[in-house]
Structures are given as C-alpha cells and as structure tokens.
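The primary structure of each chain is shown beneath.
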Amino acid sequence: MENITIKILETDPNKKGDLFARLISEYFISLGYNNFRFNISKSGREIDIEANHRTEIRRVIAECKAVVDKIGGDEINKFVGSLDVEKRKHQPNETVGYFISLSGFKETAIEQERDAGGNRVILIDGNQVIKELVNGHSLVSLEKAMERAGRCAVYQPNILVPSTNVELLAHEIGWIWVIYFCSNKEITHFVLIHADGEALSKSLADEIIKRYDTQEMKLNNLIYLEPVYLNGVTDNQVLKAKERYFKYISSECGDIQLEGLPADQEVGTRRLKIENIFVPLNLTPITNLTETISLSIEIDKKNTKKQKKDRISVGKCLCSNSKLAILAKPGGGKSTLLKSLAVAYAFPDRREKIDKHLPEKEWLPLFIKCRQLEDDARLPFINILYRISKRAEMGDLCTSFEELINRSLRNGKALLLIDGLDEISDVSVRKSFVNQLRTFLTIYPLVSVVLTSREAGFRVIGSSLANYFVHYRLSDFNDTDIKKLTVAWHKEVIGNKKAVHTEALKLADSICSIDRVKRLAKNPLLLTTLLLVKRWVGHLPTRRSVLYSKAIEVLLMTWNVEGHEPLELDEVIPQLAFIAYNMMVEGTQQISSKKLKELLLLARKQMPEILSFTKLKITDFIERVELRSSLLVLSGHEVENGVLYPTYEFQHLTFQEYLTSLALIEGYYPNREEDDLLIDILNPYFFNEQWKEVIPLTAVLSGRKVQPLAKKLISLCKEVPTYERLLNSPDSIPVELLGQCIIDEIQLPPDLLREALEWLGRRSNNCTHIVNIYKGKYGEELFKVLIQTIKQEDDDIINIASALSDIAIHKYSVHNELDSIDIETIMNLLTSINEYDNSIGALLVMRLAFEGKLFRNKTDELIKVIKPINDSLIKMLDQKELHIKFSACWALTWISERDFIENNQIEQIIPKLLSCWVQTNNNSFRYMVTWVITSLPIIERSKVSFICNIPEIGDFIKSEYYTETSNFADRVRNGAAITMAYYLGNPWTTPQLSSMISEISESRLTRKNNLLSILPQESL
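Reading the values: rules and limits
Residues numbered from 1 in each chain as written. Predicted model: local features only at pLDDT ≥ 70, side-chain atom pairs only at ≥ 80, totals over all residues. Heavy atoms only, no water. Helix = DSSP H or I, 4+ residues; strand = E, 2+ residues; numbered from the N terminus. Rg over C-alpha atoms; globule rule 2.2 N^0.38 Å. Buried < 20%, exposed > 50% of the residue type's maximum accessible area, 1.4 Å probe, protein only. Contact = heavy atoms within 4.5 Å. Areas by Shrake-Rupley, 256 points an atom, 1.4 Å probe, with all protein chains shown as cover. Arc of directions from axis to C-beta. Polar contact = N/O pair within 3.5 Å; in protein donor to acceptor, adjacent residues only side chain to side chain. Pairing = 2+ DSSP bridges. 1 Å grid on protein atoms, 1.4 Å probe; cavity = no way out; pocket = protein on both sides within 12 Å on 5 of 7 lines; lining within 4 Å. Points joined across faces, edges and corners; volume = space filled by probe spheres on them. Nonpolar A, V, L, I, M, F, W, Y, C, P; charged D, E, K, R; others polar. Phe/Tyr/Trp six-rings, centres within 6.5 Å; stacked < 30°, edge-to-face > 60°. Expected span 1.5 Å × (residues − 1). Axes fitted to C-alpha atoms, helices over the stretch in contact; angles between N-to-C directions. pLDDT = per-residue confidence, 0-100. UniProt positions renumbered as here; feature names shortened; annotations may be inferred. Core = buried A, V, L, I, M, F, W, Y, C linked by side-chain atoms within 4.5 Å. Left-handed = near helix turned anticlockwise from the far one by under 90°. Disulfide = S-S within 2.5 Å. Salt bridge = Lys/Arg side-chain N within 4 Å of Asp/Glu carboxyl O.

**Structural notes on the overall build of the chain**
A count of helical and extended segments in the chain gives 48 helices and 22 strands. The C-alpha atoms of the chain give 39 Å as radius of gyration, which overshoots the globular expectation for 1020 residues (31 Å, by more than 25%). Counting only C-alpha atoms and orienting by the principal axes, one finds that the chain spans roughly 135 × 75 × 60 Å. Burial statistics for the chain: of 1020 residues in total, 56% are counted as buried. Partitioning the contacts of the chain with sequence separation of at least 6, the portion at a separation of at least 24 is 71%. Working note: accessible area of the chain is about 45300 Å², and carbon and sulfur atoms make up 47% of it.

Here you go:
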C-alpha cells in the first residue's frame, strides 16, 4: 500500500475539485454520513465538504487536498481556525473535522497534532482513504485487482511481472486501479481495473489513456492488456441477448391490465397498449430532505398552489438529473411510469408517444420489481441485475445478458428502473437492499436510476439515499391530465370515434366540476376506478358514496395484491370509521399516535361483535393500513403532555367524511345505544362548515330512513332570511346541505321531494346546486315546482326567478355557455302566448345583460337588435301576472345599466313603473321596480306623460323617500323616490329637489349627476 498514488483525472480545476469531493464523500458515507454539501463559501473561507450523521447528532467538516506535496502544519492550522468557528456556531451539537490529503502529511504536521492532544482534527492520507473504500465495498481490494490483471497478462508471449508501482485513478466512471507489468525490469504493459473488479475494455481504456496523457504522463507509450473473456461471449451473442430481453420488456411493460380494479370481464382481460393509455406524469421537487422523510401531508397542502408552478415533466427531470427518487401515494402511477420508461428506451420508435420530453439516450433499461425479489433483495446489486435473465427466461443467453449489463454499466448507458422500494416488506431486508444499491452506485457513478416508492415505505431508508438521488413527489393530475386519461381510456376501451371523444370530454368536464370527485380523480388509480364504475353503472354515479366505497375497497383489498397483502374490509372499515367519526366530532384532521391507539383499543372494546377476533394488533393495523392504502398516513409530529408523538391523518378529507357518515349509519361510534336517533346525533352540526359533506353522505346511506333528516333540513331552510345573500355564512349551510342531498338523490316520497325542491328554489340566493339538481334525476320536477311556486307571488319571487334563470341558461344554451343563446330564441320566448315563456325570456335577457358579452360593445347595429327586445319587455309591464312584470323589470334594470335603452322607450317605461310601484304589496317587486327607476338615464320630464292622476301620490313618494336606509333595497327606494318626484314635479319644488339631490349619496341615487345637470336647465 505504500507505493499507491491517487490521481484525479480532470484538467479543469473546478471540475477536478467537484470530482474529488464527490468521490471522497464515499469515504464519509461508509462512516455513516449523508446530506452532503460541497464547496460552501463562508466569510473569508470555504468548506470543501459538510455532512450530517444518519443516526447521531453529529456533523462533519472536511478539507480535501489532492496536491503532489505533503501537507504541512500551516495548512492544518488554517483549517482548524475555520473548524473552531463552525464548532462554536453549531453548539451544543458535535462537529468533527477531517483533513484529507492524498499525498499525506509532513512529519512536522503529524507531530504538531500529536503535541496538541490529537483531537483538534482527524488526519486522513490516501492509504487510509483506500482502506475505507475497500472496507465499504466501494472499491475492489488491490489483491483482487492484481489477480484480475494477472489473468489479462497470462496469455502474453512474454513473461510479465507485476510492478510494485500501483496507481488509483479518480474518474467520472468511478475508481480505477492502474496495475503495471514489467518485462526485463522495465514497465511495458498495464491493465485498468474498474472498482467492480473487472478490466476495462479497450475502448473505455482509450478514453482513460487520453485523459491521463493530458497530464504529462505517457500511458500511450505502454501496451494495454485487454481483458480476456473466458466465457467466450461474442458481440453477436450480446446483441441476441439484448433482442431477447427487449421482447421480455415488451411483454412485461408494454401493456396495462386493469388487475384488481372493478372492471367487467371484457375490459378486465384486455391488454391496453401503454403508449395509448399513459398520460405523461409530472414531478414536484422536494427541496428539503426533512420533508421527504417526514412526508407531511401538511406540506402537500401548503404546496398545492406552489405545485402548479413547480410541476416538471419526468423527461425534463431526467435531462437534468441522472438519479431520481420519486415518491407517491398508492395509485399515483409509479409502476406505470417505470414501465413506460422501459418501453421508451427499449423501443425508441414508441418514445415520442410516451413522453416527448424524454432525453435522447441509448440507455439499456434494466427493470426491477422489488415485490418479486424476495430473498434476492439481500444479494449484491450486480447479482440482482444478473437475475433479470432468469425472470426473462433467457436460457442459454444468460451469460451474454450479463456481459450486456457489464458493458452498459461501465460506459454509462444503463438506466435502472427500480419499482416499488416500499414493496420489500421486511424493513431489515429493505435496508440491506438500499445499502447494496448505494455501494453499487459508488462503483458505477455514471449509471442513471429512476427509483419509486410509496412515501410511507421510503421513510425508514430515505436518509441513506440522500446523497445519491434528487428527490421528487409525483404531482397530482390537473384538469388537463384528467381529460387526457379520460379521452385515452374511452378511445382504447370503447372505440376511436368522434362521438366517443365528445362523450369523454363531457365526462371529464363533469368530473372536474365536482370538487370532491375531482379530488379523487387527481390520483390515476382512483380516476381509472371512477371510469370503470361509470362504465359499470352507465353514467357517472350521482351518489358519490358509490365512488368512495369502491375507491376504499380498491385501496384496501383488490389492487396490487402482489405487492401488499389485502386487508379484511369487515375488520378495517369499522375501525377506520370509528377513528374518522371521533376526529370529525373533535373538529380535527390530525390525531396523535397515542390518541389513535387509544381509539382503536376503545373500538375493539365497544364493538366486540365485529372486532373480538380481529387478526391485526393495533400497531400492525396502523402500519398495514398506511403501507397498503395510505388511507391513514403519518403526517408529522406534535407534543402532547410534554411528549413528542407522531401524528396521522386521512390521505383525503373525503375519506374521513365518508367513513364518518358510515360510522353514523352502522353505529361505529363511541357509546352507541340501541335507541339512538340519527337526527339527535347530527343536531349539533347542521350549521358546522366541517360537516357539510358528512350530512349529505349520511342522508344517502340512510336509504328509506332519511325522511326525518330531510324534514329537519327543510325546516331549517324555512328559517333562512329571504333577502340576505348568505353564501359562505353558517346560516346558509342547511340550504347547501339540502341541495347536496337532492343532488345525491336521497330516497324521498314525491310530496316531501317537492317541498324540498320548493324551498331550495325559495332560498336559491344561498344555494349553488340548482343547475346540478336540474341536470339530475329530479330536473323536470324541479322546473315544475319552481313554475308553480313563482305563481304564488310572494316575497320569495326574486329567488325563484334567479333559480329559473339558472335553469333557462342550461336549457337554451349550448354547453351551458350563456352567449350561445341566440336572439331569435329569446324573441320567441318573449312573444310566446305562454306566460311562463315570457318570464323565462326576460330572465335570459337579464342574465345576458348582466354577465354576457352581447351587451359589452355598443354599436348601432346592436342597438337595432336590442330595440325589439326592449319593446317586448315594456309591453310585459302591463301584464296582470306579477312574475312577468317582475322578470321584465329585472331585465330592464341591467339593459339600462349597459346603456341600451333609448329616450323614447324611457318615456313609456316611467309611467308604467310608477303604476307598478304604487299598486304592489310585494316587497321583492317593489325593490325591482325602484331599481329600474334609479338605473334609467334621466330625460326631460316634459317628455313623460302620466295617463291618470294617482291620489295622494305626493304622500306616497315622501313615505318611500323617508324610509330608513338599512340595506341596498331601502337605498334604492330613496333614490327612486327622488327620481320619480322629479318626473312628477311633486311633492317637492325644483329648488327643494336640487338641494335634496345635492345632499343624497350616489349609493342611493345612481344617476345623481345626471339629474343635477338637467335640473338647472329646466329651471331656466
């Protein structure tokens, strides 16, 4: 060992330092360190290497020198000064200093450190580095390297003798021994032995020689001894092995089968070509390794918005990083991703269809399913790769396949695809596998790797791989991804037809529009489950409980039974429901492990008829549920009574809500009594925002027993105020609850259903569900009920009209696009002999003027188009039916706001509005009339003719003006009184009116400035 020289084969100083630091880090990895940082600039100094110990609270600071001369005491003292600063800065944690010099240290320096007590800094020379690399299996021993080199020399015609001069080269492909041979005591030959113990091929050796000679050392003057392959493998045999292996890849990875999913026989047995069904996935960087290991769902929540910006395609990530560790929840698409990569690089002609961003590399994809390794997981990693040939049934080509692997590894053309690290179920075996992988990557640093794991299974080994991999999380599907998979699935399963494509897009839009369903669809497995359930049922189930139940069944039992043993639904679901109910009652989404275990123990005591003979211990139950399904997952830590405990939560709040509703129906809750009434249990939560999903789900699961709950919700809706818009207020929650119950098609007798629909219409200003109800099973019944209700002409008419306008848009538009409604359709409605058509037409005009594009750009041509609409609306003001006049007023209000009413039309409208105002006792209609009056442009009052005198009109105007202004409707009445007083010339004189107008605010009189400008002219 004394004559070994270590050389760095890099001429660029910066690259040389980086290469040296990276290779030296392997020394510290063998000592238990990870989380490396290199070349850290500090004030007045630079740290070459910094790392943290995996299991102890200790960090290392290292200075690395690869110079020819030995290091003296001055250099060491300088480093010790920097080290002292770091020690003080990070107290009380221990900081250890290492000074590594490949050329060694001067005797004076060694003596200096001995005199100083020998504990200031640890001195490491080249021989010690080599020893630790060999002990850590990162480098083959010199003895084995000499033996392998000897095999290359034995067939030479001349007798060659090994030289005592040996070198160790640091190169980008790893460590390389240079073994020299002498003939007649003169060095004439040499062999390059890779860290794995094999001699380099002539082509690879030529690259090393070229790099070596640039540093003024002449290897090219010597003869390179090429490796002799005793196995007799030829290039042609290697090519045949490659072809046979790619056939295996095509069979193993080229198709997708819907195993374990709720598919019918036709779809379940079909093999879907991967590039036709695969949606390119995106990754989100994990910038802090602590996040990776804590795997906090809370972090995921905080990063939801950030993820939109940070989504990076897998292809782009592979272009910039050669080693990716990808974490995801069950069903996130990890295995499908690796299969697609295997196909993409085995068959370049299929690559573009899979992901156009993938790097153009000639990689050999080596696909490993961790679930299939069993006892092989403890083998050296190279042996695990060799055993792929047995699974691929390569027979007499196994040796050729091994040679194919060896060549790909050494020249950096291998792509390792390691699927499901978490599926090595024994934690000790998983750790052993990771250690073997780490050693392997030290030997073959140019190898590219994509490794996947569930988040839970990665937790125990994540820190061991920190220094090798860039960590990512698999991004959730966004709306575009959901549409892509939905369309691709329909195309493959149903057929490549235009009608099928249209239906798929419609379904995708429907999925994305329902928040709770969309949350599930962000997971590829659950989206596929949803598509299969839709095919099963014939339509997307309106009862979300069907989807949630099937999704839980898939996660717990039917999917991926090879990787994780199924869980018994009859045992697991009651316990999860018990936990979910307690968490919901306490208003929390997180629970400590201590509380979780207490609840599971309580569940087993209080539900003996279900759980007396449960197979899983409580600790095993928690671990198995998380590892198999991630329904309940570790999300962080919290202090409880001075003790730090892990905390858990449900992966999706949707699952917590569904399981809570199941607990209520099946009695999976604490202290259950036989005479418990559902309505009594739910009574404290009708106005609780967190129970907005639980109560409708409970109603659906109640079946025919839902009537008391429905009646309770209806009674609460009746108590909600008519006028105040209370969306997002606790007072509006019962309306939202009842609406969701109807959308979920709870089982109600006709009379009770019609009452529920009526009160949803009456409170539509606090309900967002009207259109969704109309699109469902009870749509036509809803329309009939609203038409009947609007005839009652009470104060709820404004809400009924609003609900009808929502339905009208859906009924008369294309794809629910308001601006797709044509003018001819509107005119037909306005001029129909059916009074309800008249109201519907007016309400559509109102919505178009309020939020459509038609009224945004005023042109002469458009004014001509709008004129007959206005004329029809003005005629409607003379109708007897209040709902017609109300709808017309609402439309005229917004047309006026958009400035599409001409002066001669205003002359007709003002007298009609006054008549409506005086004659009605309906507060909603009075509000709408006064709103029109204040929104109309002011014209000369001499142009307005009132057909008949209205007795005591002056007193009426005064009473309306002096109404206390407590809300918007009252302020509008004040402004309308001023405006109408101007046209009537009564009850105030012009000077009085001018003074009153000057003092009134614009919030009460929209046309204040318009009125002030016209009054002085009339005075003149």
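Picking up where we left off.
**Structural notes on helix H4 (residues 126–135)**
What H4 keeps buried is the set Gly126, Val129, Ile130 and Leu133. An end-on view of H4 places all buried positions within 95 degrees of arc, on one side of the element. Packing partners of the buried residues in H4 comprise strand E1 (4–8), helix H1 (13–29), strand E5 (94–101), strand E6 (122–125), strand E7 (161–171) and strand E8 (174–183). Taking the backbone nitrogen of Asn127 as reference, a side-chain oxygen 3.2 Å away marks Asp125 as the first, capping residue of H4. A positive phi of about 60 degrees marks His137, the residue just after H4.

**Considerations on the pairing of strand E21 (residues 632–640)**
Strand direction decides the pairing type here: E21 and strand E22 (residues 643–650), joined by eight bridges, are antiparallel. Within E22, the residue paired with Glu640 across the bridge is Val643. If you look at the hairpin formed by E21 and E22, you'll find two residues sitting between the two strands, and Asn641 has a positive phi there, around 55 degrees.

**Focus on empty space enclosed by the protein**
Here the structure, examined in full by the defined rule, presents two cavities of 30 Å³ or more. Taken as a whole, the second largest cavity holds about 50 Å³ of empty space. Forming the boundary of the second largest cavity are Leu520, Leu526, Thr529, Leu530, Val533, Leu547 and Ala551. Of all the secondary-structure elements, those providing two or more residues to the lining of the second largest cavity are helix H24 (524–537) and helix H25 (544–558). With four residues, the single largest contributor to the lining of the second largest cavity is H24. In terms of residue class, the lining of the second largest cavity is made up of six nonpolar, one polar and no charged.

**Re the packing of aromatic side chains**
Taken as a whole and judged by the stated rule, the model has 26 aromatic pairs. Aromatic side chains Phe79 and Phe99 sit 5.7 Å apart centroid to centroid with 90 degrees between the ring planes, which places their arrangement in the edge-to-face category. On the criterion of sequence distance, the pair formed by Phe79 in helix H2 (residues 73–89) and Phe99 in strand E5 is long-range, its members being 20 residues apart. With respect to class, Phe79 is no different from Phe99; both count as buried.

**Re helix H43 (residues 903–919)**
Along its 17 residues, H43 runs 25 Å from first to last C-alpha, staying within 8% of the 24 Å computed at 1.5 Å per residue. Along H43, the residues classified as buried are Gln905, Ile906, Ile909, Ile910, Pro911, Leu913, Leu914, Cys916 and Trp917. Its buried side turned inward, H43 meets helix H41 (860–876), helix H42 (882–897), helix H44 (923–935), helix H45 (953–961) and helix H46 (968–984).

**Some details on the sheet that holds strand E16 (residues 364–369)**
What links the strands of a sheet is backbone hydrogen bonding, and the strands pair in either a parallel or an antiparallel sense. The strand order across the open sheet built from seven strands is E14-E13-E19-E15-E18-E17-E16, with neighbouring strands paired in mixed fashion. Taken across any chain shown, the strands that pair with only one partner, and hence form the sheet edges, are strand E14 (312–313) and E16. The strands that helix H19 (residues 427–443) touches are strand E15 (323–328), strand E17 (414–419) and strand E18 (448–454); relative to E17, the one it contacts most, it runs at about 170 degrees.

**Considerations on the side chain of Arg763**
Looking at the element boundaries, Arg763 is found in the loop between helix H35 (750–762) and helix H36 (770–774). The class for Arg763 is buried, based on a relative accessible area of 3%. Within the local environment of Arg763, its side chain forms a polar contact with the side chain of Asp796, the two groups lying 3.1 Å apart.

**Let's talk about the confidence of the model for the chain**
Within the chain, residue pLDDT values average 85, and 92% of them lie at 70 or more. Across residues 291–308, confidence stays below pLDDT 50; counting only partners more than four residues off in sequence or on other chains, it has 40 contacts.

**Looking at the UniProt feature "domain: NACHT" (unreviewed entry) in the chain**
Mapped onto the present numbering, the UniProt feature "domain: NACHT" (unreviewed entry) falls at residues 322–454. In this annotation, residues 322–454 is assigned 43% helix and 19% strand; the end-to-end C-alpha distance for the span is 20 Å.

**Brief notes about the nonpolar core**
In this structure, Phe28, Trp177, Tyr245, Leu385 and Leu873 are the most contacted members of the largest nonpolar core, which totals 318 residues. In terms of residues, this core owes the most to one element, helix H26 (residues 569–585), which gives 11 residues.

**Topic: the packing of H35 against helix H37 (residues 779–790)**
Two measures define how a pair of helices packs: the angle their axes make with one another and the distance between the axes. Two numbers describe how H35 lies on H37: the axes approach to 9 Å, and their chain directions differ by 65 degrees. Considering the relative orientation of H35 and H37, their crossing is right-handed. Residues Arg754, Leu757, Glu758, Gly761 and Arg762 of H35 pack against Glu781, Leu782, Val785, Leu786 and Thr789 of H37. Taken together, the residues that form the contact of H35 with H37 break down as four nonpolar, two polar and four charged.

**Some thoughts on the sheet that holds E1**
Here five strands make up an open sheet; going across it, the order is E1-E7-E8-E9-E10 and the pairing mixed. Looking at the sheet topology across the chains shown, the edges are occupied by E1 and strand E10 (223–224). Of the strand pairs in this sheet, E7 and E8 are connected by eight bridges, and their pairing is antiparallel. From the neighbouring strand, Ala170 faces E8, where its bridge partner is Trp175. Packing against the sheet, H1 makes contact with E1, E7 and E8, and its axis sits at approximately 105 degrees to E7. In the packing of helix H5 (residues 142–153) onto the sheet, the strands contacted are E1, E7, E8 and strand E9 (186–194), and the crossing angle to E8 comes to about 55 degrees.

**Some thoughts on the state of the cysteines**
Any covalent bond linking the sulfur atoms of two cysteines counts as a disulfide. Throughout the structure, instances matching the rule amount to zero disulfides. Cys370 supplies the cysteine sulfur nearest to Cys253, a cysteine that is in no disulfide, at a spacing of 13 Å. Cys253 sits in the buried class, given a relative accessible area of 0%.

**Let's talk about the layout of surface pockets**
When its volume is computed, the largest pocket comes out at roughly 1800 Å³. Along its surface, the largest pocket is lined by 50 residues, and Ser510, Ser513, Ile514, Asn772 and Lys775 are the ones closest to its centre. Looking at the lining of the largest pocket, the elements with two or more residues in it are helix H22 (498–513), helix H23 (515–521), H25, helix H30 (653–666), helix H34 (733–743) and H36. By residue number, the principal contributor to the lining of the largest pocket is H22, which donates eight residues. Residues belonging to the lining of the largest pocket are distributed by class as follows: 14 nonpolar, 20 polar and 16 charged.

**A look at the pattern of salt bridges**
Summed over all chains, the structure comprises 43 salt bridges. A salt bridge links Arg37 to Glu50; the shortest N-O distance between them is 3.2 Å. Of this pair, Arg37 sits in strand E2 (residues 33–42) while Glu50 sits in strand E3 (residues 45–53), and the two are 13 residues apart along the sequence. Of the residues examined, Glu50 reaches a relative accessible area of 10% and is grouped as buried. The residue Lys594 makes a salt bridge to Glu598 at a minimum N-O spacing of 2.9 Å.

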